[in-house]
Amino acid sequence: MVLPIVAYGHPVLRKKCVDIASDYPGLQQLISDMWETLYASNGVGLAAPQVNVPIRLFLVDSKQLTDHFDEEDRLQFGDEVGIKQVFINAHVLEINGEPWPYNEGCLSIPKIREDIYRPQTVKIAYVDEQFQPHEETYGGITARVILHEYDHIEGKLFIDYLKPLKKKLLRKKLDDIARGKVEVNYKMLFAKA
Ligand code: NI
């Protein structure tokens, strides 16, 4: 089932999400619904708070990016092969490398894209859908997507990184999104509509 995506302005996007146990009710259904929602909205990552569930769960499909790299992307990212993966109870252990800019967007903040600097690699501990523990280091565009989604489960949004002046310029657009005054081709949930 495709779930509505929570829009900017909803308090659930500001919650620090909590770890879950393996018997969390309806977990497998939630994961399957989140994949469906991700693809229905052409996203590359989706975090549980974005479907109004404040738990430490996010999905990443960076293959959608790496499978369609053009020549310029290949120069920047080499032969990176993306991942399609579920991250549960994720905790960042280390971030490394000179921060680099990338034009980011977010399904919860439609029609706004900005260059955001993030570090190059991330070492992260998490459990998969079978609650098997993993500790893995990611780089490239995959690290970028993971760090964006990880921020969601920490209650952070990519616009938080913008300089005050830039944010001021976006204020009206953000207020419009919060009030439901935005046209998107996927279902959204607005706090103030
Ligand atoms: Ni996002």
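Note that this is a predicted model, so its numbers are computed, not measured.

Examining helix α4 (residues 140-153)
End to end, α4 covers 21 Å across 14 residues, agreeing with the expected 20 Å (1.5 Å per residue, within 8%). Across the 14 residues that make up α4, a large majority, 13, are buried. Within two residues after α4, Gly155 carries a phi angle of roughly 80°, on the positive side.

Quick word on the coordination of the nickel ion
Geometry reference: four tetrahedral donors at a metal, ideal angle 109.5 degrees. Six octahedral donors, ideal angles 90 or 180 degrees. The protein atoms that coordinate the nickel ion are Cys106 (SG), His148 (NE2) and His152 (NE2), at distances of 2.1 to 2.2 Å. In primary sequence terms, the donor set of the nickel ion follows C-x41-H-x3-H. Within this pair, whereas Cys106 is found in the loop between β5 (100-104) and β6 (114-118), its partner His148 is found in helix α4, the two being separated by 42 residues in sequence. Across this residue pair, the class does not change: Cys106 and His148 are buried.

Points about the pattern of salt bridges
Taken as a whole, this structure holds twelve salt bridges when the rule is applied. Where Glu154 meets Lys16, a salt bridge forms, and the shortest distance between an N and an O atom there is 3.0 Å. One end of the pair, Glu154, is in the loop between α4 and α5 (164-178); the other, Lys16, is in the loop between β1 (5-6) and α1 (27-40), and 138 residues separate them in sequence. Owing to a relative accessible area of 25%, Glu154 belongs among the partly exposed residues under this scheme. Of the residues examined, Lys16 reaches a relative accessible area of 58% and is grouped as exposed. The residue Asp151 makes a salt bridge to Arg118 at a minimum N-O spacing of 2.9 Å. With Asp151 in helix α4 and Arg118 in strand β6, this pair connects stretches of sequence that are 33 residues apart. On the basis of relative accessibility, which here comes to 3%, the residue Arg118 falls in the buried class. Each of Lys16, Asp19, Arg56 and Glu154 takes part in a single network of salt bridges with overlapping partners.

So, how was this worked out
Residues numbered from 1 in each chain as written. Predicted model: local features only at pLDDT ≥ 70, side-chain atom pairs only at ≥ 80, totals over all residues. Heavy atoms only, no water. Helix = DSSP H or I, 4+ residues; strand = E, 2+ residues; numbered from the N terminus. Expected span 1.5 Å × (residues − 1). Buried < 20%, exposed > 50% of the residue type's maximum accessible area, 1.4 Å probe, protein only. Donors = N, O, S within 2.8 Å, 3.2 Å for Na, K, Ca; no water. Salt bridge = Lys/Arg side-chain N within 4 Å of Asp/Glu carboxyl O.

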